[in-house]
Amino acid sequence: MSRILSDHPQMAVRQFRCASGRGMIVAVTRSRTVIAALCVVSVLALGACSGDDPEPRFAPPSTSAPTSPSTTAVSGLVEPTMPAAAKGSDAAAAEAFVRFYWEMVNYAQATGDLDGLQSLADASCAACREGTSYLERVFSDGGEISGGAATVRVRTTGFVKDQGRSNAVVVFDVSSTRQRVDYPGDRRDESYPGGVTRLSAILIPHAGTWLMSSWNDE
């Protein structure tokens, strides 16, 4: 499927609802402080696709068969590897990267090994930082996370030009199971319901694949 490009970068500031979905998405916005910080940083630094600037024109998802994040890798404590499908600059590669990113979220939540997940994010991704920072705090406090496994269904994929590069804009649904965070001792445990959340992610091209630049709810 051919790429559909907009001639203008989507850097307009807009109001949006911060992520209110499940799993690590809930963890990112688990307190008013985190919500406020994430909203401010995301709006001012990352921008979004609205306002007076032209919207990117979206194509439907690629016709290649979608794959869901693997639960085998998580249960076996084996770090997922980036699929060949995520390498490239077209819509199919961007969609495969988003699925792989959430596969790494599953692995990071199950194991406490955050290096692989962090390597998939650009330094500008505030939501990525907040998510991994929350996981770091849980595990440094001796907490354990169960559930919250996510699967991704891509809705639309488009491209927008920004500083001479074609960034991918992927809109997708994340379905996740109920999640529980168990802390040792008398500290109150946390529980998040499962459900489906629609997210929008901006990916920037990097080394033949992508980096996550931002994600927030639609």
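Residues numbered from 1 in each chain as written. Predicted model: local features only at pLDDT ≥ 70, side-chain atom pairs only at ≥ 80, totals over all residues. Heavy atoms only, no water.

Caption draft 1: How the structure looks around the overall build of the chain. For the chain, the helix and strand inventory stands at 6 helices and 8 strands. Going from N to C terminus, the chain has its helices and strands arranged as α-α-β-α-α-α-α-β-β-β-β-β-β-β. Across the chain, every contact between residues at least 6 apart in sequence was considered, and the portion connecting residues at least 24 apart equals 70%. Taken as a whole, the chain presents about 10200 Å² of accessible surface, with 50% of it coming from carbon and sulfur. (Helix = DSSP H or I, 4+ residues; strand = E, 2+ residues; numbered from the N terminus. Contact = heavy atoms within 4.5 Å. Areas by Shrake-Rupley, 256 points an atom, 1.4 Å probe, with all protein chains shown as cover.)

Caption draft 2: Molecular detail of the nonpolar core. One finds Y101, W102, F172, L203, M212 and W215 to be the most contacted residues of the largest nonpolar core, which totals 41 residues. Put simply, the parts of the chain that give this core at least two residues each are helix 4 (91-111), helix 6 (126-140), strand 3 (150-162), strand 4 (165-176), strand 7 (195-206) and strand 8 (209-217). Considering every element that reaches this core, the biggest residue donor is helix 4, with 12 residues. (Core = buried A, V, L, I, M, F, W, Y, C linked by side-chain atoms within 4.5 Å. Buried < 20%, exposed > 50% of the residue type's maximum accessible area, 1.4 Å probe, protein only.)

Caption draft 3: Geometry of the pattern of salt bridges. Tallied over the full model, the rule gives 5 salt bridges. Of the charged contacts, one joins R180 and D182 as a salt bridge, the two residues approaching to 2.7 Å between their closest N and O atoms. Members of the salt-bridge network, linked through shared partners, are R155, D173 and R198. (Salt bridge = Lys/Arg side-chain N within 4 Å of Asp/Glu carboxyl O.)

Caption draft 4: Just the sheet that holds strand 2 (residues 144-147), in detail. Across the sheet, which stays open at both edges, the 3 strands sit in the order 2-5-6 with antiparallel pairing between neighbours. With one partner strand each, in any of the chains shown, strand 2 and strand 6 (190-192) form the two edges of the open sheet. Taken pair by pair, the neighbouring strands of this sheet meet at an average axis angle of 15°, ignoring direction. In this structure, strand 5 (residues 179-182) lies alongside strand 6, joined through 3 bridges in antiparallel fashion. Pairing of R180 across the sheet is with S191, part of strand 6. Seen against the sheet, helix 6 touches strand 2, strand 5 and strand 6 and runs at an angle of roughly 115° to strand 2. (Pairing = 2+ DSSP bridges. Axes fitted to C-alpha atoms, helices over the stretch in contact; angles between N-to-C directions.)

Caption draft 5: Just the state of the cysteines, in detail. Scanning all chains against the criterion turns up 1 disulfide. Between C125 and C128 runs a disulfide, and the two sulfur atoms are separated by 2.1 Å. Judged by the torsion about the S-S bond (65°), the C125/C128 disulfide is right-handed. C128 shares its class with C125; the two are buried. (Disulfide = S-S within 2.5 Å.)

Caption draft 6: Inspection of unusual backbone geometry at higher detail. We note that Q163 has phi near 55°; this positive angle belongs to a residue other than glycine. Its relative accessible area of 71% is what places Q163 among the exposed residues. With a phi close to 50°, A207 is a non-glycine residue in the positive phi region. Structurally, the position occupied by A207 is in the loop between strand 7 and strand 8. Residue A207 is classed as exposed on the basis of its relative accessible area of 74%.

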